[in-house]
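Chain by chain, the residues run as shown.
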Amino acid sequence: MDGSLEKTTGAYRVLARKYRPQSFADLIGQEPMVRTLTNAFRTGRIAQAYMLTGVRGVGKTTTARILARALNYSIPGKVDQPTIDMTELGEHCQAIMEGRHIDVIEMDAASHTGIDDIREIIEASRYKPATARYKVYIIDEVHMLSKAAFNGLLKTLEEPPEHVKFIFATTEIRKVPITVLSRCQRFDLRRIESGRLVDLMCGIAAKESIEIEDAALLMVARAAEGSARDSLSILDQAIAHSSGKVEAEAVRSMLGLADRALVIDLFEEVMRGDVAGALARLKALFDVGADPAVVLEDLAAFTHVVTTLKLAPGATDDALTEEERRRGAEFAGKLSVRVLARAWQMLLKGIEETREAPRPLAAADMVLVRIAHAADLPTPDEALRALKEGGTISAGGSRAPAGGPSGAARAVADTPAPALSGGDGRARLAAVGGGMRAAAPQPRPVPAPAAPAVQLKTYEDLVALAGKERELKLKHALEHLIRPIRFEDGKIEVAFTPEAPPGLAGELSGKLEAWTGRRWMVAVAREAAQPTIAETKKAARQQLLADAADDPLVAAVMARFPGASVVDVRLRGAEPEVSTEPTAASGNAAASDDVESAGDFPDDPGYDAPPPIELDDNFEPDDGYDPT
Amino acid sequence: MVQVKPADIDRFLRSPDPGIRVVLVFGADDGLVSERSEVFARAVVGNSDDPLSRLRFDASALAEDPARLADEAHAVPLFGGRRAILVRISGNVRIEAMLQAILDDPPVDSWIVVSAGDLKKTSPLRKLAESHRLAAAIACYADAARDLDRLIDDEMKAAGLKIGSEARTALRALIGGDRLASRGELQKLALYAEGSREVSTDDVRAVIGDASAMDVDEVVDAATGGDATAAARTYRRLVSAGTPPFVILGAAIRHFGFLHRARAAMERGDSADSIVARATPPVFFQRRTAVIRQLDGWRLPMIERAMAGLDRAMVDSRLRNAIDEEVVGQALLMVAAMAAARRAA
């Protein structure tokens, strides 16, 4: 910034205008272009036309003016040739930078698209410049020109008069015909990395003697998305918002970023399994006007921060607050990747549900409850180990070591299951298999809970009950026509397939009341992606058959016995085996299983399209049988 | 005369057969068409700056005044000298009749160069140029790898620069399609590298358009290779500089599509090296070692799981726009964690 263009006037000028680059030295983040131009000017190989491309706000128009200034730079008696090095104001500079020089013609192609506009230029370009060295045409948004206009331009570009230079700017380079593009020297202006923007703003803040917190600068730089102009505009706003020192908190609220500390507290409560605390906090946020879906989004974003801190501690966002960094690292130390990944998936699902729910707060509550339960659960590895050893499973899934067999037990632990705390291993498996919604299909029928009153914990319980009550038509409807979305005692949310008869909801709630002696609420959603039980079973079965057929050993058997086909795959208990698979393979499976369990994509936590079946690890040829 | 054979084109253009009065230069590579038209015009009229020695018409202008071309061709310049008349065909203008008239009565000191886009073999213009003894047709197709190499050599030699094989591979992937545009990019590169003796890959990355694609590859390779830190850091840098997250995610999905095909081929018995060497689109030289290593570690079921996760991330990032950056970042982290776990095992 040479500052020589500044006229001191009393009026306040916005920073973006006041510090608009005046020379190539001021232009940050475009070093390749500046270097190329410097060499071109020095060796006298100046192109006839330039094409500047880049997204909005990277400085195309500014660069065009600086280029025009460089082309016409002259100081009588001192400099008489184009140069990049413009330390003082030349004869034409002021007028060019203000866009009012007679020989530098700026045109906005967005509003002058026709051939007539171009014809004017072509006619005028025959005449020599009035005062400057070159006649420079700056055509902004050049991709907007009509086809005829481009053809007209092309003729001039093919044989341009010596004294004419063209500078085109466009945001959409692909819309510029190659015939025009190929006759220009093209520069792709890059977005400016946030670190450079911070430096820029630091320098300007110092010049303006404004105090500003580093975290605030980082936030502004991020919000500017690579545009110097935007960063200065936001900085201007931030200065106007604050009295005296610009603080991070003020900028955060100005930019509409939620208070991170509250989100961290919420995260902690959820992960600790403190449902009451989490719900109270969410309610408090809701009461001050926070959108529950946005709170969940913030929670998801913080989960991502923790995951990053866990997996890539050296690569976190610079804009993190001190508190986010410190507490995030604490969580990263305590929570396993699988727990984080599971929470992440549940949040993503939950955001959508919350947004579509008629009562977002209630929906968000449920999401938090689910995650809190899931976080409290052991990871699949722990669950399986505990089952094998016959010990008890301690709550709090944070101690899970990466690795350990996952396999069949994953479906169990992935599902939020209130019933997990009691009973022997078998009963647990059976009780939690369904979760709140249709989840992994059970290899064996679900034993009805032996509770004094009729208690329904899962949708499968309901189906089983319908069978027991000999309501076969309703049972069929439950299996084939209803897509379960949510299931709680006393309240279910479902969607119907198009084939469902009218009045099904009423029938269902009536029967439920008759069976359980309580009123049930049946909420019907318009549509849902969840499959019906029948679809789930079918998909799972097909998946099983496909997996089995893919198994190299099975394939070998099939090849040896032409005409054979896999007709059924049966699973026995928690230690899965495929009836067609020799037992030797499953021994191998357990060994190589842990390889993928650490950082795997988590399966859906049991309430969307259910994972086909949680045995796939053991079926994959890769795991069970190594071809190499 | 017939169509000039590709091998003879350069010779023909530099020292034209004086009998040939009408040359049709056509083809899909518009830049090459213009370049060759210019070379021919320069060959017949010499390097004179006389504006009257070269005349340019758009075919549409001729259509309005059919006699114009013949008039100009037969006009005798006041101060003597030869003239080249360049006609650019645009749109559906037919000029065969005008050319036929000129060929029937060839002018003394004028040559006509007709530039056109891609023409079918059956097009009347092409038929005329290929059959008449005073005419010639030159086809211009987009530069193949060998032509590009020669172009690179020519431009680098002219600038007094050397170029290493890596930088050359990088360049070849980024230019081509239009001769003039390729030449322009090469000249720009030469300007940028001026002063150094050899052009490096970094130079190529710095100035050649669309080079940001390479940074995206860097993120994808780091994640696929299990380096979560590098992946996350490069990802953050790209996104903070404005690259939309879905662009990076899209690249990752495409990469896993490739790994899936390649791994399947490996399990049929092909070697990783040959698969990577043959890949289309080609795997950039610098990445090859990394990609081969990835193929070693990623088995098909894992690749499929990663693909499913990435696909889901694509949907999620669209549906939950406010946190798309985190969604994609998380998916990349998960890919990296899968790879790292596999390697640790």
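Scoring rules and cut-offs
Residues numbered from 1 in each chain as written. Chains lettered and ligands numbered in written order. Predicted model: local features only at pLDDT ≥ 70, side-chain atom pairs only at ≥ 80, totals over all residues. Heavy atoms only, no water. Helix = DSSP H or I, 4+ residues; strand = E, 2+ residues; numbered from the N terminus. Buried < 20%, exposed > 50% of the residue type's maximum accessible area, 1.4 Å probe, protein only. Contact = heavy atoms within 4.5 Å. Areas by Shrake-Rupley, 256 points an atom, 1.4 Å probe, with all protein chains shown as cover. Pairing = 2+ DSSP bridges. Axes fitted to C-alpha atoms, helices over the stretch in contact; angles between N-to-C directions. Buried area = accessible area lost by both parts, 1.4 Å probe. Salt bridge = Lys/Arg side-chain N within 4 Å of Asp/Glu carboxyl O. Polar contact = N/O pair within 3.5 Å; in protein donor to acceptor, adjacent residues only side chain to side chain. Core = buried A, V, L, I, M, F, W, Y, C linked by side-chain atoms within 4.5 Å. pLDDT = per-residue confidence, 0-100. Phe/Tyr/Trp six-rings, centres within 6.5 Å; stacked < 30°, edge-to-face > 60°. Lys NZ or Arg CZ within 6 Å of the ring centre and 35° of its normal. Parallel < 35°, antiparallel > 145°, perpendicular 65-115°, else oblique. Left-handed = near helix turned anticlockwise from the far one by under 90°. Nonpolar A, V, L, I, M, F, W, Y, C, P; charged D, E, K, R; others polar.

**With respect to the overall build of chain B**
Looking only at helices and strands, chain B has 17 helices and seven strands in total. Taking all 345 residues of chain B together, the buried fraction comes to 56%. The contacts of chain B with a sequence gap of at least 6 include a subset with a gap of at least 24, amounting to 75%. When the accessible surface of chain B is totalled, it reaches about 15,300 Å², and 53% of it is carbon and sulfur.

**Looking at the overall build of chain A**
Assigned secondary structure in chain A consists of 28 helices and eight strands. Counting all 628 residues of chain A, 52% fall into the buried class. In chain A, 70% of the contacts between residues at least 6 apart in sequence involve partners at least 24 apart. Just so you have it, chain A exposes about 27,900 Å², and 53% of that area is on carbon and sulfur atoms.

**Things to note about the sheet that holds strand β1 (residues 22–27) of chain B**
Residues and elements named next belong to chain B. The parallel open sheet is built from five strands, whose spatial order is β2-β3-β4-β1-β5. The open sheet has two edge strands, β2 (54–58) and β5 (135–140), and neither has a second partner. Adjacent strand axes in the sheet meet at a mean angle of 15 degrees, parallel and antiparallel pairs treated alike. In terms of strand pairing, β2 meets strand β3 (residues 83–88) through five bridges, oriented parallel. When the bridges of β3 are listed, Arg-56 appears paired with Leu-86. Contacting β1, β4 (110–116) and β5, helix α5 (residues 96–104) crosses the sheet at an angle of about 155 degrees to β4.

**Some thoughts on the interface of chain B and chain A**
At the interface, 58 residues of chain B touch 63 residues of chain A. Buried surface at the junction of chain B and chain A, summed over both partners, amounts to about 5,500 Å²; 54% is from carbon and sulfur atoms. Sorting the residues of chain B by area buried against chain A places Arg-56, Leu-191 and Arg-305 of chain B first, and these three jointly supply 13% of that buried surface. Remark: the boundary between chain B and chain A carries four salt bridges. One salt bridge in this structure joins Glu-158 of chain A and Arg-56 of chain B, with 3.7 Å as the shortest N-O distance. In this structure, the connection of chain B to chain A is made through twelve residue pairs in polar contact (both at pLDDT 80 or more). Those elements giving two or more residues to the side of chain B that touches chain A turn out to be α2 (30–45), β2, α9 (179–193), α10 (201–207), α12 (228–240), α16 (300–319) and α17 (324–344) of chain B.

**Considering the nonpolar core**
Core analysis: the biggest nonpolar cluster contains 78 residues, and Phe-267 of chain A together with Trp-298 of chain B have the highest contact counts within it. Top contributing element to this core by residue count: helix α13 (residues 245–267) of chain B, with ten residues. What Trp-298 of chain B contacts, discounting residues up to four positions off in sequence, is Thr-224, Phe-256, Arg-263, Ile-303, Ala-306, Val-335, Met-338 and Ala-339 of chain B. Among the nonpolar cores identified, the runner-up in size contains 33 residues, and Phe-24, Leu-27, Tyr-73 and Ile-75 of chain A belong to it.

**Describing the confidence of the model for chain B**
Within chain B, residue pLDDT values average 85, and 95% of them lie at 70 or more. As a predicted assembly, this complex carries a pTM of 0.60 together with an ipTM value of 0.71.

**Focus on the sheet that holds strand β8 (residues 521–525) of chain A**
Residue and element names in this part refer to chain A. Pairing in this open sheet of three strands is mixed, and the strands run β6-β7-β8 from one edge to the other. Strands at the two margins of the open sheet, each flanked by one partner only, are β6 (482–488) and β8. Sheet twist, expressed as the mean angle between neighbouring strand axes with direction ignored, is 25 degrees. Strand direction decides the pairing type here: β6 and strand β7 (residues 491–496), joined by six bridges, are antiparallel. Within the sheet, the bridge partner assigned to Arg-483 lies in β7 and is Ala-495. Docked against the sheet, helix α23 (residues 504–516) engages β6, β7 and β8, running at close to 155 degrees with respect to β8.

**Side note on the packing of aromatic side chains**
Aromatic ring pairs: the centre-centre distance and the angle between the two ring planes describe each pair. Per the stated rule, a full pass over the model turns up eight aromatic pairs over all chains. Taking 6.1 Å as the distance between ring centres and 85 degrees as the angle between the ring planes, the aromatic pair formed by Phe-302 of chain A and Phe-331 of chain A counts as edge-to-face. Here the residue Phe-302 of chain A occupies a position in helix α14 (residues 292–311), and Phe-331 of chain A occupies one in helix α15 (residues 322–334), the gap between them amounting to 29 residues. Note on accessibility: Phe-302 of chain A and Phe-331 of chain A belong to one class, buried. Here the basic side chain of Arg-21 of chain B rests over the ring of Trp-111 of chain B, its NZ or CZ set 4.2 Å away from the ring centre.

**Observations regarding the environment of Asp-29 of chain B**
Residue and element names in this part refer to chain B. In this structure, Asp-29 sits in the loop between β1 and α2. Owing to a relative accessible area of 0%, Asp-29 belongs among the buried residues under this scheme. Sequence separation between Asp-29 and Asp-178 is 149 residues; the distance between their C-alpha atoms is 5.2 Å. If sequence neighbours within four positions are ignored, Asp-29 has contacts with Cys-140, Tyr-141, Ala-142, Asp-143, Gly-177, Asp-178 and Arg-179. Within polar-contact distance, the side chain of Asp-29 engages the backbone nitrogen of Leu-32 at 3.1 Å.

**Quick look at the packing of helix α7 (residues 145–159) of chain B against helix α8 (residues 165–174) of chain B**
Residue and element names in this part refer to chain B. Running from N to C, α7 and α8 point in directions that differ by 120 degrees, and their axes come no closer than 11 Å. With respect to α8, the element α7 is oriented oblique. Helix-helix and strand crossings are classified by hand; for α7 and α8 the assignment is right-handed. Residues Ala-145, Leu-148, Asp-149, Ile-152 and Asp-153 of α7 form the contact with α8, whose own contacting residues are Arg-168, Leu-171 and Arg-172.

**Considering the pairing of β2 of chain B**
With five of its five residues buried, β2 of chain B lies for the most part within the structure. What you see with β2 of chain B is no split at all: Arg-54, Arg-56 and Asp-58 of chain B on one side and Leu-55 and Phe-57 of chain B on the other are buried throughout.

**Examining the packing of α2 of chain B against α9 of chain B**
Any two packed helices are characterised by the angle at which their axes cross and by the distance between the axes. All names here are of chain B. Between α2 and α9, the shortest axis-to-axis distance is 5 Å and the interhelical angle comes to 85 degrees. Put simply, α2 runs roughly perpendicular to α9. Residues Gly-31, Leu-32, Ser-34 and Glu-35 of α2 pack against Arg-179, Leu-180 and Arg-183 of α9. Grouping the amino acids of the contact of α2 with α9 by side-chain chemistry returns two nonpolar, two polar and three charged.

**Points about the confidence of the model for chain A**
All names here are of chain A. Overall, the predicted model of chain A reaches an average pLDDT of 75, with 75% of residues at or above 70. A low-confidence stretch, residues 574–599 stays under pLDDT 50, and its non-local contacts, those more than four residues away or across chains, total 60 contacts. In the predicted structure, residues 604–628 sits below a pLDDT of 50 and forms 83 contacts with residues beyond four places in sequence or in another chain.

**Things to note about unusual backbone geometry**
Residues and elements named next belong to chain A. With a phi angle near 50 degrees, Glu-141 is a residue other than glycine that sits in the positive phi range. With respect to the secondary-structure elements, Glu-141 resides in the loop between β3 (135–140) and α6 (147–158). With a phi angle near 45 degrees, Ser-209 is a residue other than glycine that sits in the positive phi range. Within the secondary structure, Ser-209 sits in the loop between α8 (194–207) and α9 (214–224).

**Some thoughts on the pattern of salt bridges**
For the structure shown, the criterion picks out 47 salt bridges over all chains. Put simply, Glu-330 of chain A and Arg-326 of chain A hold a salt bridge, and the shortest N to O gap is 3.8 Å. Here the residue Glu-330 of chain A and the residue Arg-326 of chain A both occupy positions in helix α15, the gap between them amounting to four residues, near one helical turn. Looking at Arg-326 of chain A, the relative accessible area reads 47%, which means it is partly exposed. Several salt bridges share partner residues, and in doing so they unite Glu-158, Glu-159 and Arg-183 of chain A together with Asp-30, Glu-38, Arg-54, Arg-56 and Arg-88 of chain B into one network.

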